[in-house]
Number of protein chains: 2
Amino acid sequence: MQEKLDDLKKRLAEISDINNAAAVLGWDQQTYMPPGGAAARAQQLATLSHLAHEKFTDDTIGCLLDELHAYARSLPYDSDDASLIRVTKRDYDKASKVPPSLVSEIAHATARAFEAWRKAKAESRFSDFAPYLQRNLDLKRRYAECLGYTDRIYDPLLDDYEPGMKTTQIEAIFTNVKQEIVPLVHAISSRLNVVDNGFLYQTFDEQIQWDLGMDVARLIGYDFERGRQDRSPHPFTTSFSIHDVRITTRFMNNYFPAGFFATIHETGHAVYNQGLRYELERTPLADGASLGAHESQSRMWENLVGRSRPFWKFFMPRMKAVFPEQFKNADAEKMYRAVNRVKPSLIRVEADEVTYNLHIMLRFELENALLEGRITVDDLPEIWNCKMQEYLGITPPDDAHGVLQDVHWSHGSFGYFPTYSLGNFFAAQLFDQIRKDIFGLDRHFEKGEFHILLDWLRAHLHTHGRKFTLDELAKKITGESLQTRSFVAYLKNKYGEMYSL
Amino acid sequence: MQEKLDDLKKRLAEISDINNAAAVLGWDQQTYMPPGGAAARAQQLATLSHLAHEKFTDDTIGCLLDELHAYARSLPYDSDDASLIRVTKRDYDKASKVPPSLVSEIAHATARAFEAWRKAKAESRFSDFAPYLQRNLDLKRRYAECLGYTDRIYDPLLDDYEPGMKTTQIEAIFTNVKQEIVPLVHAISSRLNVVDNGFLYQTFDEQIQWDLGMDVARLIGYDFERGRQDRSPHPFTTSFSIHDVRITTRFMNNYFPAGFFATIHETGHAVYNQGLRYELERTPLADGASLGAHESQSRMWENLVGRSRPFWKFFMPRMKAVFPEQFKNADAEKMYRAVNRVKPSLIRVEADEVTYNLHIMLRFELENALLEGRITVDDLPEIWNCKMQEYLGITPPDDAHGVLQDVHWSHGSFGYFPTYSLGNFFAAQLFDQIRKDIFGLDRHFEKGEFHILLDWLRAHLHTHGRKFTLDELAKKITGESLQTRSFVAYLKNKYGEMYSL
């Protein structure tokens, strides 16, 4: 058995090298690549992805996994080897069910749809994008049929991003949270002026913003010996090894929170990957558990830490030191309130903590309705706008600020959106546990001692990599399944106080 | 036949994608990669290189090449298809003669030897490196035996870098050139003070040096839409596509020529790759003809252009504009003389045009003597020092400034050095032809019109990619085989005038 396991690991290591090489090419594509390089780069990425897929779906890997099945069951469920075999089997079953021709059809269709989306968004005309979206939907339906499902067609799509999670579970969670949030949004909407954030809109030198971002990333515990930060139009985190995890950021000269919180957010993702146990390197376990688990880390650092009162008690003096003019009338409390200001708005990525999940719920509901044929592509803009009015009390003036704002559907990524909310919920659930485990957490933060949180996250979450599903992790770490109680309480508590509700 | 050719091209395109992906990883490794990423990167590069080698030496490719042999002979020798089949067959025969186990042995031995060399150089102790060098020599002897040779064991090694070139040819050329250069060096050595370059050693702001380098690269015709410049400890050029060719440079704060001429040199390499015909993309023909051909381009722009009087007539005002204090007492003529100052020195990469090739000849002679067993590794330092005294009239004070200065032997790259000199000779030969073809070349340069040279090089040389050998190119472009007459005349003319010999 050891020989078969070694053979499997050797094959997976080679595939992991190819995937990591592709990640380097992707990083370069979004940071430094000159415009002329685009066509060749797309070709190189297609070749590497095809190679990795071909090697992974090789029959030999299927046979090895079958032969190792009983062996895996004889080991403790949470052992590295049992987890490797279990998770690889899960990936293999999915990958080998989809014919390469469909994979390639989807790749080509989404590449064209992305271009169409970009133009349609620039001209704010949904009808130009509609046929491409329809094609993506048709292909993803076929994809879902290949994978199979017993309940909902959304299930196998969701499973790509959040293994083990079911559509009905998310519906239940969302219904529950929505009941709590919508009244909260309405209550706050009548008291918007209680919080002032006008002083965040000033001129902020880009180099100073950069230095500040590096400073806060170091504070969190991002290891620059095993990572680096660069600039890109859309901030992202990528990883080529547990010892080479990189982030990017971008800045707005007239609004410092854009770059500052983007850096904290990506740092949250990056310290997760830097915290994986080195034994998982070059295996399919060398990543975060799921998109939801990953998002829990970025959002925890961004919101539960970076938008907390103790954080600003510690950090405000540094802020005033580098931007003395801009913040001469501000203090930690004013900053805390300003960076948490709630305002129903059109664009998801700019939404505050309270309204954010409503944007997600809307998309989740529309995706399901589309996939199940309850609405058509042509209905989308109108239904989008109705729901925006219903949940947030505002109506987009045009498609660019409405149904066309997100890139995901052009990529065919149906099932991706809910993971953002799952991240928010899981972050709050973890944080409740952390407050139980670490005495005086806020006082640590006030002194700039963030390593105490990172150490906890490493020991309880990061170390496991992809060994467990989000729900398994929730049970393992907090003793119960994923829940939204913590998140709702956090919102009510924080914003109830801030808006004197 | 068309079907077989298409099959071959498809396979070669995939291999080309893998090799180009590896080049991106190599570029990142030397520019931006954090230290922690080194081990994983080495692994990823090994995997990609193994994959490319495996795919290239696949029997199917051998069969296709055999089946296409007659077809290729029915086409014009210089057609794209005939050249593709001919050059690929040459590469295939070499690659398939070497067992993968030996390739892997060499890769591991040279990786260890490189580390040993680095330490040995830092401590200036050749004896620490000697056993690794011995091992590299033994492996490369075995490698040469696999490839086979009729005359000299050096032939198959040289052929890796300069296809078709023979050791005896180079010996004849070198003997001839040496007879001319050694007396020239001696004559100049007694008149060293005729040229002053003291004013080149001042403080030069790095950002201004960077801008100046970008300026000169643009002047030459480097297309930044299809390339970029970054910093690295050792300047290099790399290419991921004809439309993505990158250079790197580095600066010395107290001596501006270091960075300035490094940028021109790498730009010379880069415009060669940017000038390849796009039809060659994703084939083995998408590169320069050989290392010698490549070096002819970098050295032409660096020396025949960048160290010419007309260049400085044009460029000196720009130089004085950005470094007014430093060059307030200098003019074009003073600069021309300063950047061409001849001085026998210890380090090859810092050598002037006159003494440079003597450094190469010394290495070439030692490599041959080692491989043929006429000297032993232990003899090296002493023989090195003797030859330095004989050719240049100076003796290295220690191994770091002598036998340990170059990285090449630690990589096992025996046969590489002569291509530097071939590049110098070929550049001069081409330049004679260019002066015949372009009327008033110097006056064009004095006006900053360098595109006229680039256009000529593109049309006559760059466009061909790897279709021809260096000697074939020499005949095609200048009507005669590679010769050194032009180079010797150039040196005697330029330096005879400068030193009033």
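Residues numbered from 1 in each chain as written. Chains lettered and ligands numbered in written order. Predicted model: local features only at pLDDT ≥ 70, side-chain atom pairs only at ≥ 80, totals over all residues.

A.B. asks: I would appreciate a short explanation of the overall build of chain A in the present structure.
C.D. replies: The number of helices and strands found in chain A is 20 helices and 3 strands. A globule of 501 residues ought to have a C-alpha radius of gyration of about 23 Å, and chain A, at 23 Å, matches this closely. C-alpha extents for chain A along the principal axes are approximately 65 × 50 × 50 Å. Put simply, chain A has 501 residues, and 44% of those count as buried. Nonlocal contacts in chain A, meaning residues at least 24 apart in sequence, comprise 72% of its contacts between residues at least 6 apart. (Helix = DSSP H or I, 4+ residues; strand = E, 2+ residues; numbered from the N terminus. Rg over C-alpha atoms; globule rule 2.2 N^0.38 Å. Buried ≥ 20, exposed ≤ 12 C-beta atoms within 10 Å, placed from the backbone. Contact = placed C-beta atoms within 7 Å.)

A.B. asks: Sorry, what's going on with the relation of the copies chain A and chain B here?
C.D. replies: In this structure, two copies of a chain are linked by a rotation about an axis accompanied by a shift along it. For the pair chain A and chain B, the relating rotation is 180 degrees, the translation along its axis is 0.0 Å, and the fit reaches an RMSD of 0.0 Å. What we have between these two chains is a two-fold relation. In this assembly, 100% of the residues forming the interface of chain A have copies in chain B that are likewise at the interface, indicating an isologous arrangement. (Least-squares fit on C-alpha atoms with pLDDT ≥ 70 in both.)

A.B. asks: Looking at this structure, how should I read the confidence of the model for chain A?
C.D. replies: Low pLDDT marks stretches whose predicted atomic positions should not be read closely. In the predicted model, chain A carries a mean pLDDT of 96, and 100% of its residues have values of at least 70. In the model output, the complex is listed with pTM 0.95 alongside ipTM 0.94. (pLDDT = per-residue confidence, 0-100.)

A.B. asks: Sorry if this is basic, but what is going on with the sheet that holds strand β3 (residues 244-249) of chain A here?
C.D. replies: Neighbouring strands of a sheet are bound in pairs by backbone hydrogen bonds; such pairs are parallel or else antiparallel. Residues and elements named next belong to chain A. Read from one edge to the other, the open sheet built from 3 strands follows the order β1-β3-β2, with strand pairing classed as mixed. Every interior strand has two partners, whereas the edge strands, β1 (229-231) and β2 (237-241), have only one. Here the average twist between neighbouring strands, direction ignored, is 25 degrees. By the bridge criterion, 4 bridges tie β2 to β3 in an arrangement that is antiparallel. Across the sheet, the residue bridging to Ser239 is Val245, located in β3. On the sheet, helix α1 (residues 2-31) packs against β1, β2 and β3 and is oriented at approximately 145 degrees with respect to β2. Taken strand by strand, helix α10 (residues 256-274) contacts β2 and β3, and its axis lies near 170 degrees from that of β3. (Pairing = 2+ DSSP bridges. Axes fitted to C-alpha atoms, helices over the stretch in contact; angles between N-to-C directions.)

A.B. asks: Looking at this structure, how should I read the sheet that holds strand β1 (residues 229-231) of chain B?
C.D. replies: Residue and element names in this part refer to chain B. The sheet built from 3 strands is open, its strands ordered β1-β3-β2 with mixed pairing. The open sheet has two free edges, formed respectively by β1 and β2 (237-241), since each of these has just one partner strand. Put simply, the sheet's adjacent strands are angled 25 degrees from each other on average, direction ignored. Looking at chain direction, β1 and strand β3 (residues 244-249) are connected through 3 bridges and run parallel. Across the sheet, the residue bridging to Gln229 is Ile247, located in β3. Helix α1 (residues 2-31) rests against β1, β2 and β3 of the sheet, and its axis sits at about 145 degrees to β2.

A.B. asks: Help me out: how do you make sense of the interface of chain A and chain B in this one?
C.D. replies: Size of an interface: often given as the accessible area lost when the parts come together. Contacts between chain A and chain B engage 29 residues on the former and 29 residues on the latter. When residues of the side of chain A that touches chain B are traced back to their parent elements, those giving at least two are α1, α2 (38-56) and β2 of chain A. Counting residues per element, the side of chain A that touches chain B draws most heavily on α1(A), which supplies 8 residues. Its residues placed into classes, the side of chain A that touches chain B shows 13 nonpolar, 9 polar and 7 charged. (Nonpolar A, V, L, I, M, F, W, Y, C, P; charged D, E, K, R; others polar.)

A.B. asks: Honestly, the environment of B:Ile61 in this entry has me stumped. Any pointers?
C.D. replies: The topology assignment puts B:Ile61 in helix α3 (residues 59-74). When the C-alpha positions of B:Ile61 and B:Ile106 are compared, they lie 24 Å apart, and in sequence the two are 45 residues distant.

A.B. asks: Please clarify how the nonpolar core should be interpreted in this entry.
C.D. replies: Buried together is how nonpolar side chains tend to be arranged in soluble globular proteins. B:Phe129, B:Met300, B:Val305, B:Phe426, B:Ala427, B:Leu470 and B:Leu473 are the most contacted members of the largest nonpolar core, which has 99 residues in total. Looking at this core, the element that brings in the most residues is helix α14 (residues 353-371) of chain B, giving 10 residues. Per-domain counts for this core show at least three residues from each of domain 1 (2-153) and domain 2 (154-501) of chain B. Setting aside anything within four residues of it in sequence, one finds B:Leu470 in contact with B:Glu162, B:Met165, B:Ala289, B:Ser290, B:Gly292, B:Ala293, B:Leu422, B:Phe426 and B:Leu482. A:Leu200, A:Ala262, A:Tyr356 and A:Leu453 belong to the second-largest nonpolar core, a separate cluster that totals 98 residues. (Core = buried A, V, L, I, M, F, W, Y, C linked by C-beta atoms within 7 Å. Domains from an automatic or database assignment.)

A.B. asks: Whenever I open this one, the environment of A:Arg309 confuses me. Can you help?
C.D. replies: By secondary structure assignment, the location of A:Arg309 is in helix α12 (residues 309-322). The spacing of A:Arg309 and A:Glu162 is 147 residues in sequence and 32 Å in space, taken between C-alpha atoms.

A.B. asks: So what exactly am I meant to see when it comes to the pairing of β3(B) here?
C.D. replies: A regular strand places its side chains on the two faces of the sheet in alternate fashion. Residue and element names in this part refer to chain B. Within β3, 6 of the 6 residues are buried, leaving the element largely enclosed by the surrounding structure. Taking every second residue as pointing to the same face, both faces of β3 are buried, with Asp244, Arg246 and Thr248 on one and Val245, Ile247 and Thr249 on the other. With antiparallel pairing between neighbouring strands as the criterion, β2 and β3 make up a hairpin whose turn holds 2 residues.

A.B. asks: Looking at this structure, how should I read the environment of B:Asn193?
C.D. replies: Mapped onto the secondary structure, B:Asn193 falls in the loop between α8 (167-189) and α9 (206-220). Separated by 80 residues in sequence, B:Asn193 and B:Ala113 have C-alpha atoms that sit 41 Å apart.

A.B. asks: Explain the packing of helix α11 (residues 291-305) of chain B against helix α16 (residues 418-437) of chain B here, please?
C.D. replies: Two quantities define a packed helix pair, namely the angle between the helix axes and the distance between the axes. Residues and elements named next belong to chain B. Contact pair α11 / α16: the axes reach a minimum separation of 7 Å and the direction vectors enclose 60 degrees. The hand of the α11/α16 crossing is right-handed. From α11, Leu291, Gly292, Ala293, His294, Glu295, Ser296, Arg299, Met300 and Leu304 reach across to α16, where they touch Thr419, Tyr420, Leu422, Gly423, Asn424, Phe426, Ala427, Leu430 and Phe431. Broken down by class, the residue content of the contact of α11 with α16 amounts to 10 nonpolar, 6 polar and 2 charged. (Left-handed = near helix turned anticlockwise from the far one by under 90°.)

A.B. asks: Would you mind showing me how to read unusual backbone geometry here?
C.D. replies: Peptide bonds are trans in most cases, and residues, glycine excluded, mostly fall at negative phi. Residue and element names in this part refer to chain A. Of note, the phi angle at Ser124 is positive, near 50 degrees, even though the residue is not glycine. By the element assignment, Ser124 lies in the loop between α5 (100-122) and α6 (126-147). C-beta crowding within 10 Å serves as the criterion here: with 15 such atoms nearby, Ser124 is assigned to the partly exposed category.

A.B. asks: What am I meant to see in the packing of α16(B) against helix α20 (residues 485-498) of chain B here?
C.D. replies: Residues and elements named next belong to chain B. Axis separation between α16 and α20 bottoms out at 7 Å; the angle between their running directions is 85 degrees. By the angle class used here, α16 and α20 are roughly perpendicular. Facing Asn424, Phe425, Ala428, Gln429, Phe431 and Asp432 of α16, the residues of α20 in contact are Ser486, Phe487 and Tyr490. Looking at side-chain class alone, the contact of α16 with α20 contains 5 nonpolar, 3 polar and 1 charged residues. (Parallel < 35°, antiparallel > 145°, perpendicular 65-115°, else oblique.)

A.B. asks: What is the right way to look at helix α15 (residues 380-392) of chain A in this model?
C.D. replies: Helical geometry note: an α-helix holds 3.6 residues per turn, so side chains three or four residues apart project in the same direction. All names here are of chain A. Spanning 13 residues, α15 covers 17 Å between terminal C-alpha atoms, matching the ideal 18 Å at 1.5 Å per step. What α15 keeps buried is the set Leu380, Trp384, Met388, Tyr391 and Leu392. Angularly, the buried residues of α15 cover 80 degrees about the axis, an arc narrow enough to put them on a single face. Facing away from the buried side of α15 by over 90 degrees, the exposed positions are Glu382, Cys386, Gln389 and Glu390. Among the structural elements, α6, α8 (167-189) and α14 (353-371) are those in contact with the buried residues of α15. Once α15 finishes, Gly393 follows within two positions and takes phi at roughly 75 degrees, a positive value. (Expected span 1.5 Å × (residues − 1). Arc of directions from axis to C-beta.)

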